[in-house]
Amino acid sequence: MNLILVTFIILLTFTSYYFGRKKALVIQSSQRLTALPKFYGYYLAAWCAAPALIIFVLWSVFEPSIVKTFILQDYTDQNLTKNELQLIYTKVKALAVGTYTGNITNFLDESANKYIQLKGIANSAKVAIILAILIFSLSFAYRSVQKNDRMREPVEIFLKWVLFVASLGAVLVTIGIVFSLLFEAIRFFQAVKIFDFIFGTHWYPAKTFVRDGQPDPELMKDAFGAVPLFAGTFFIAFIAMCVAIPIGLLSGIYLSEYAGRGVRKYAKPIIEILAGIPTVVYGFFAALTVGPFVKEIGNAMGLEVSAESALAAGAVMGVMIIPFISSLSDDVITAVPQNLRDGSYAMGATKSETVKKVIFPAALPGIVGSILLAVSRAVGETMIVVMASGLAANLTINPLESTSTITAQIVVILIGDQQFGDPKTQSAFALGISLFIVTLLLNVIALSVVKKYREKYE
Amino acid sequence: MNSFKKNLLKKRYNAERRFQWYGKIAIGLALSFLAVFMFQIFSKGYSAFQKTWIVTEVHYDKELLLIDAESPSKDDLENADYYDVAYKAMTSLDPGLPEEEDRQLIQMVSYKYEAEVKDLLLKNPDYLGKIVPIKLTASDDVDQVHKGNYPRDIPEENRRVNDYQLQIYDMLNERGDILLEFNISFFTSPDSREAELAGIASSFMGTVFSILVCLAFSFPVAVLAAIYLEEFAPKNKFTDFIEVNINNLAAVPSIVFGLLGLGVLLAVFNLPRSTPLVGGITLSLMTLPTIIIAARASLKAVPPSIREAALAMGASNMQTTMHHTVPLSMPGTLSGTIIGLAQALGETAPLILIGMVAFVNTIPGTPVDPAASLPVQIYIWSESAERGFVEKVSACIMVLLAFLILMNLAAQIVRHKFEKKWS
């Protein structure tokens, strides 16, 4: 039904474009045109498509929830919870479509009939309204075409609005992120105190699984302490930085200050390949090669090493991050004005002294910014940790033990079927919003540092 | 010059050389990581492109097939009973084996061997009543033994292939009845629980559909948004806000987009779970900022003289933009889009959250069929304990990397071939 309607609107739009252009040629024989003939076509087409499609989309978005309220009105006197109502509505819908397999009560049957009826009414109303709008807007547009009004300006204003709405897309995505995370997280914080979440030291959500009824609030208090996860996240990010900062920074300096053109031309893109490799591939590498390797070395030295050590995950993550730091610091160092270097050389400093005492301090803010960006990347990294680091949230600072991170826990909780309304599922969204806030803060700080730095030398 | 100064100079020059070496070592380390990494993947994975077959003889005995008709039709062949025929084909390898031990022989081929026996007859109906050689897919244990990935000298109870099976394997190998051929089924069959049958067709199609959906959603919106922000947006607080927003969105961890997909697309809009449609939309939200940033940079690079010339000829702002600026910026925009899509191609975490990690053993035909994607397939297989999957994972990684290299090459070509150089 919807498909037919949309096809009809689209076909009508094309027809009105050609009709408008033809009409313009007819007008041309008696009057001077106000715009190129195709603008007459665009004008009609825009008036045809835009109002009808807007109404169509709005209708399709709101129809289900309106129908749902009508159906569930019959159940308001039964004192049901939200979840039970949702279940009933799902049953009614399934019954109406004919895919329901449970036993059918009279009440359900009645509702299903009502549902079919409502759907029918809604459908015919939709078609009627859209046809009416099409007729109305087309006849309005046609009148202005006949009067030979200005055509190009309204079309361009319309296009500008289309562009504007598209640019709102990015804002919409942000709003969507914030609201979807907040919505579930708030419900989570109704069940678990925000204080227990931020300062609790035990993360063990599986404990709250209860088949029927509500989990024990005492259990909940002790199961959702996110401190081990925050600690694990930053610990692994720290290990990654220990690998990435020296290697990345030194290669960045070498590439920008020492390397000849040939080396730079080939080495830089090759190092950047490291950033293009999908993280799941790094995860596989960490779990299958680096993890056992670290364990073997540790055992040979008489240390007890977990097969899923934080060290393995962090080191591989560090390798992944090398190109971020090397490229960014390369850019930053190249941006340091040449006269600073020349001044230093003129005083008799060697190249490395210039780098260490003049260029590095001058580029420091930019380098700090790029390191912060890399940290935010490491904090948000998921697959390496899921595959190579442990899934149990240990509070530890021993790099040879296993530990878990925010991202890994989100995956562990949400893999497979989720039940919305369960505190365990909601806790993933609470973790998600903390991750979002942490990375956002890191980015805002990093970007403002870099921006300040740029202004200094421009 | 006194010796103190000489020493100092020497020290300083040594420090200089040391510093240079640090830089060289750092670059060398980074490059050697890449080399080790590639070597590991290729050395483990190349064998997955080969498949081990066991050749035996099958007798298409009419009686055992329970075919009565004199000249059986296709339907008769379709409905015949192949169990006994297939069973005999395998047990004939060692006729002296007592019946209760026959599982040892059967386990040397994949569990689908009966279907393979059937397919051969359906393809060649004239084999009926004859004894013909047949290739059967070896089980993944035999496969791994043949490729030399299993050590044979460890105690029997630690091995997945026992002494008797090894003995049969050696006998067959000497006769030349173990074949190693190019593994077509790795590319044509869907995922399976059995390593020897598992292929990447389902996840490959899932990836293709997700990327197409991603492109369809993100490209138009991103290009239009970039045009607005670069060419029309007035300089005010609101457009500043949009800009900051886009920059921050580009740095949001991918898993958060997975949560968005789960919380909005699945829970609110009730789109079908585990499908490339939802996966593609989720990925498109992620690539949106990347494409917007690339498109804006590329619009910015079009020199103002082009705009001024068009305006001087009497074109309106919109005409200038649509007829001149945007077409000239397209190469940069397109190469940015391809790079954004390549990033999306390697994403795993958001797809896991929207359920594309489910076991799918059919090849999806449309974007609304359940599917996996290549990176998710890598994750699924690497979580599996069987040795046979390790080489499959490496092979799947190679396919994924090949895909990525192709896309990046395409981006380079688009950029260098079509981009105008202004100077």
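Residues numbered from 1 in each chain as written. Chains lettered and ligands numbered in written order. Predicted model: local features only at pLDDT ≥ 70, side-chain atom pairs only at ≥ 80, totals over all residues.

1. Some points on the overall build of chain A
Rules: Strands are runs of DSSP state E lasting at least two residues, helices are runs of H or I lasting at least four, and both sets are numbered from the N terminus onward. The atom set for the radius of gyration is the C-alpha atoms, and the globule formula is 2.2 Å times the number of residues raised to the power 0.38. Counting other C-beta atoms within 10 Å of each residue's C-beta, where C-beta atoms are placed from the backbone, gives the exposure class: buried for 20 or more, exposed for 12 or fewer, partly exposed between.
Looking only at helices and strands, one finds 16 helices and zero strands in chain A. Taken against the 2.2 N^0.38 rule, which gives 23 Å for 458 residues, the C-alpha radius of gyration of chain A at 31 Å runs more than 25% over that of a compact globule. With the principal axes as the frame, chain A shows a C-alpha extent of 85 × 70 × 35 Å. Out of the 458 residues in chain A, the part that is buried amounts to 40%.

2. A short note on the overall build of chain B
Scanning chain B from terminus to terminus reveals 18 helices and three strands. Taken against the 2.2 N^0.38 rule, which gives 22 Å for 423 residues, the C-alpha radius of gyration of chain B at 30 Å runs more than 25% over that of a compact globule. For chain B, the spread of C-alpha atoms along the principal axes amounts to about 90 × 75 × 40 Å. Each of the 423 residues in chain B was classed as buried or not, and the buried ones make up 44%.

3. Quick look at the domain arrangement of chain A
As a reminder, the rule being used: The start and end points of each domain follow an automatic or database-based domain assignment.
One can read the domain layout of chain A as domain 1 (2–149) and domain 2 (221–457). Put simply, the middle of domain 1 of chain A and the middle of domain 2 of chain A, counted by C-alpha atoms, are 50 Å apart.

4. As for the nonpolar core
Grouped burial of nonpolar side chains is what soluble globular proteins tend to show. Rules: Only buried residues count toward a nonpolar core: Ala, Val, Leu, Ile, Met, Phe, Trp, Tyr and Cys, linked into one set through C-beta atoms within 7 Å. We call two residues in contact whenever the C-beta atoms placed from their backbones are within 7 Å.
With 187 residues, the main nonpolar core has Ala286(A) and Val316(A) as its most contacted residues. Here this core gets 18 residues from one element, more than from any other, and that element is helix H10 (residues 201–232) of chain B. Beyond its immediate stretch of four places on either side in the chain, Val316(A) contacts Tyr282(A), Phe285(A), Ala286(A), Val290(A), Ile384(A) and Ala388(A). Core analysis: the second largest hydrophobic core is formed by 24 residues, Ile54(B), Val85(B), Met90(B) and Val142(B) among them.

5. Remarks on unusual backbone geometry
In this structure, Asn148(A) takes a positive phi of about 60 degrees despite not being glycine. With respect to the helices, strands and loops of the structure, Asn148(A) is situated in the loop between helix H4 (106–146) and helix H5 (152–191). Since 18 C-beta atoms lie within 10 Å of it, Asn148(A) is described here as partly exposed. In this model, Ser274(B) sits at a positive phi of 60 degrees, which is unusual for a non-glycine residue. Turning to its location among the elements, Ser274(B) is positioned in the loop between helix H12 (254–266) and helix H13 (276–300). The class for Ser274(B) is buried, based on 22 C-beta atoms found within 10 Å.

6. Some remarks on the sheet that holds strand S2 (residues 131–137) of chain B
All names here are of chain B. Rule in force here: By this definition, two strands are paired if DSSP reports at least two bridges between them. Only the contacting stretch of a helix is used when fitting its axis, a line to C-alpha atoms as for every element, and angles between N-to-C directions run 0 to 180 degrees.
Taken together, three strands build an open sheet; the order of strands is S2-S1-S3 and the sheet is antiparallel. Where the open sheet ends on each side, the last strands, each with one partner, are S2 and strand S3 (178–182). Direction aside, neighbouring strands of the sheet carry axes that sit 40 degrees apart on average. Where strand S1 (residues 50–59) lies against S2, seven bridges are found, and the strand directions are antiparallel. Residue pairing across strands places Val55 opposite Lys135, the latter belonging to S2. The strands touched by helix H4 (residues 83–91) are S1 and S2; relative to S1, the strand with the most contacts, the crossing angle is about 105 degrees.

7. Some thoughts on H10(B)
Residues and elements named next belong to chain B. Put simply, the rule is: The span expected for a helix works out to 1.5 Å for each residue beyond the first. One axis fitted to the seven residues ending at a residue, another fitted to the seven starting there: the angle between these axes is the bend at that residue.
Taking 1.5 Å per residue as the helical rise, H10 with its 32 residues ought to reach 46 Å, and the 45 Å between its terminal C-alpha atoms agrees with that figure. Of all bends in H10, the biggest is about 25 degrees, found at Ser218, and the proline Pro220 comes one to four residues later. By the criterion of burial, H10 is predominantly enclosed, with 26 of the 32 residues buried.

8. With respect to the confidence of the model for chain B
This is how it is decided: Predictor confidence is given residue by residue as pLDDT, running from a minimum of 0 to a maximum of 100.
Scored by pLDDT, chain B has a mean of 87; 100% of the residues are at 70 or more. For this predicted complex, the interface score ipTM comes out at 0.88, alongside a pTM of 0.87.

9. What to know about the interface of chain B and chain A
As a reminder of what qualifies: Each residue gets one of three labels, nonpolar for Ala, Val, Leu, Ile, Met, Phe, Trp, Tyr, Cys and Pro, charged for Asp, Glu, Lys and Arg, and polar for the others, Gly among them.
Across the boundary between the two partners, chain B contributes 63 residues, which contact 65 residues of chain A. Secondary-structure elements contributing two or more residues to the side of chain B that touches chain A are helix H1 (3–45), H10, helix H11 (237–249), H12, H13, helix H16 (349–353), helix H17 (374–382) and helix H18 (387–418) of chain B. The dominant element in the side of chain B that touches chain A, judged by the number of residues it contributes, is H1(B), at 18 residues. Tallied by class, the residues present in the side of chain B that touches chain A amount to 49 nonpolar, eleven polar and three charged.

10. Description of the environment of Lys421(B)
Tracing the backbone shows Lys421(B) in the segment after H18. As a C-alpha pair, Lys421(B) and Ile54(B) span 367 residues in sequence and 60 Å in three-dimensional space.

11. Examining helix H2 (residues 37–72) of chain A
All names here are of chain A. Between its first and last C-alpha, H2 extends 54 Å over 36 residues, near the 52 Å set by a 1.5 Å rise per residue. For H2, the principal kink sits at Phe62 and spans about 35 degrees; a proline, Pro64, occurs within the next four residues. The set of residues buried in H2 consists of Phe39, Tyr40, Gly41, Tyr42, Tyr43, Leu44, Ala45, Ala46, Trp47, Cys48, Ala52 and Ile71. Residues of H2 that are buried in the fold lie against helix H1 (2–28), helix H3 (82–97), H4 and H5.

12. Let's talk about the environment of Arg296(B)
Residues and elements named next belong to chain B. Relative to the elements of secondary structure, Arg296 occurs in helix H13. On the basis of neighbour count, Arg296 is assigned to the buried category, with 23 C-beta atoms found within 10 Å. Separated by 37 residues in the primary sequence, Arg296 and Thr333 have C-alpha atoms spaced 8.0 Å apart. Aside from chain neighbours lying at most four places away, what touches Arg296 is Ala226, Leu229 and Glu230.

13. Quick word on the pairing of S1(B)
Summarising the sheet, S1(B) and S3(B) pair through five bridges and their orientation is antiparallel. Looking at S3(B), one finds that Gln50(B) is bridged to Phe182(B).

14. Quick look at the packing of H17(B) against H18(B)
All names here are of chain B. Quick note on the threshold: Any angle from 65 to 115 degrees is called roughly perpendicular, while one under 35 is roughly parallel, one over 145 is roughly antiparallel, and all others are oblique. For any pair of crossing helices, the crossing counts as left-handed if the nearer helix is rotated counterclockwise from the farther one by less than a right angle, and right-handed if it is rotated clockwise.
Where H17 meets H18, the closest approach of the two axes is 9 Å, and the angle between their N-to-C directions is 165 degrees. In terms of orientation, H17 lies roughly antiparallel with respect to H18. Between H17 and H18 lies a crossing of left-handed hand. Counted together, Leu374, Pro375, Gln377, Ile378, Trp381 and Ser382 of H17 and Phe389, Lys392, Val393, Cys396, Ile397, Val399 and Leu400 of H18 form the full contact between these two elements.

15. Looking at the environment of Asp330(A)
Residues and elements named next belong to chain A. Inspection of the secondary structure puts Asp330 in helix H11 (residues 310–334). With 76 residues separating them along the chain, Asp330 and Tyr254 place their C-alpha atoms 8.6 Å apart. Asp330 has contacts with Gly252, Leu255 and Ser256, leaving out every residue within four places of it along the chain.

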